[in-house]
Amino acid sequence: MSDLLDKCFAPAAINGLTLPNRIIKAATFEGKCPGGIPSPELTAFHQRIGEGGVGMTTLAYCGAEADGRVMHQMMYMGEHIRDELTDLIEQVHSTGAKVSGQLSHCGNFTKNKDFTGKRPLGPSAGISMIGLVKGLPWAGEMTKADIAERVQIFAKAAGFMQSVGFDAIEIHFGHGYGISQFISPRTNKRVDEYGGSLENRMRFGLEVLAAVRKEAGDTFPLLAKISMSDGVRGGVSYSDSVEIAAMLDDAGIDAIICSGGTSSMNPMLMFRGDSIVNGMIKHEKNWLMKLGLKFMGPKMFKEYPYEETYFIEQAKNIVARVKCKVVYIGGVCTNEGLERIMAAGFDFIQIGRGLIFDPDFVKNAQTKPNYKNGCNHCNECASLIEAPGGIRCVLKD
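Now for a quick tour of the structure. These figures come from a predicted structure and were not determined experimentally. (Residues numbered from 1 in each chain as written. Predicted model: local features only at pLDDT ≥ 70, side-chain atom pairs only at ≥ 80, totals over all residues. Heavy atoms only, no water.)

Description of the overall build of the protein
Right, on to step 1. Looking only at helices and strands, the protein features 15 helices and 14 strands.
Right, on to step 2. Taking the principal axes of the C-alpha coordinates as reference, the protein spans close to 55 × 45 × 45 Å.
Right, on to step 3. Considering the protein as a whole, with its 397 residues, one finds that 60% of them fall into the buried category.
Right, on to step 4. By sequence separation, contacts in the protein at least 24 residues apart represent 71% of the contacts at least 6 residues apart.
Right, on to step 5. Each charge class in the protein was averaged separately, 43 positive and 44 negative side chains, and the resulting centres sit 5 Å apart. (Helix = DSSP H or I, 4+ residues; strand = E, 2+ residues; numbered from the N terminus. Buried < 20%, exposed > 50% of the residue type's maximum accessible area, 1.4 Å probe, protein only. Contact = heavy atoms within 4.5 Å. Lys, Arg positive; Asp, Glu negative; His and termini not counted. Charge placed at Lys NZ, Arg CZ, Asp CG, Glu CD.)

Brief notes about helix α12 (residues 312-321)
Right, on to step 1. The complete set of buried residues in α12 reads I312, A315 and I318. Buried positions in α12, seen along its axis, are confined to an arc of 115° and lie on one side of it. (Arc of directions from axis to C-beta.)

Comments concerning unusual backbone geometry
Right, on to step 1. Each neighbour pair has its own omega, and for A60 with Y61 the value is 5°, a cis peptide bond.
Right, on to step 2. Along the chain, Y61 turns up in strand β4 (residues 56-63).
Right, on to step 3. Backbone geometry places H175, a non-glycine residue, at a positive phi of 60°.
Right, on to step 4. Summarising the element assignment, H175 is placed in the loop between β10 (168-172) and α5 (178-183).

Considerations on the pairing of strand β11 (residues 222-227)
Right, on to step 1. With 6 of 6 residues buried, β11 is to be regarded as a mostly interior element.
Right, on to step 2. Here β11 shows a buried face lined by L222, A224 and I226 and a second buried face lined by L223, K225 and S227.
Right, on to step 3. As defined by bridge partners, β10 adjoins β11 across 4 bridges and the pair is classed as parallel. The partner of I171 across the bridge, within β11, is A224.
Right, on to step 4. Note that β11 and strand β12 (residues 255-259) share 5 bridges and pair parallel. Its bridge partner being in β12, K225 is matched across the sheet by I257.
Right, on to step 5. Regarding topology, helix α8 (residues 238-250) serves as the crossover connection from β11 to the parallel β12, and that connection is right-handed. (Pairing = 2+ DSSP bridges. Right-handed = clockwise from strand over helix to strand, strands pointing away.)

So this is what it looks like as structure tokens:
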């Protein structure tokens, strides 16, 4: 095995946490939380990932509050799921892997049928296309009091996550969700101190980070997932993301995950490969949403051919800028890819679809010098998040 692969599979630390190796299962909502409750199937899924040798697996979607979910099948942090989460984490720990939780809030991007508020709130008022099908067509603008309250909601959720045994928390700053809506000029039209300049648009996110850090303590690992580009005109650009990363670094983040795209406007920038729209149409139960996907799908789900390590050049700019750890994500399915990422100076690697195809990715990569994962990036797994039983690799059916 090469020196670079030796480095990849050797123990490495994020703040006060040492992982068995540098491979982290990426946060992918698995659709295995019926009614918002983590199921035995979700536990089995992550336990199997742990058995395959990853250093850490990431549990998503961990909503900061009930109204912070995109859909009602997502969990939100609270005492009602303490037993389920405690059991899941204990089962994963029994494999030797660590467990991170992706802490997020949907902001105004929601079709949650159990939504209890008057309307979803984000940085600016507008129409919520995804909410139309669930009677939530209008997005409201958050007041400063709303912003302060949501910051504390994040902190309270982080405290709960610590109490059930999570080893780390990944705060979601990207992909068009609540914090990202403030960061992106495409969705933030405010004229107060939370809008306008990048420094102002980062204010809410940095307040969330400060509150979570205060709650979690100085030695607890906090990661941030960012979108290096929204992939749409008028959104966050790759050059913006370097400054975003620098601000998070200065504010005390322990690691930055360099992703891209938005779930709400350009999801294929993060996926690459075959479009997920046909699968989404197939499994969508709401006729209005199905009709919208048929007409708007080609515009929203753009074509981006898959290539190994497709974010490496943009993410290297962040490696060069920050002092904190940097986590690469985006198309690593071979030992050659692992070596390329290690050689570029990244500290950790997140893998999603490759681990869904082959939960033994790490063990196989360690024992097979020319290992190539069999995922063909058809992305059918991603289209199954609302299908019965949640995601799976269809190639294994």
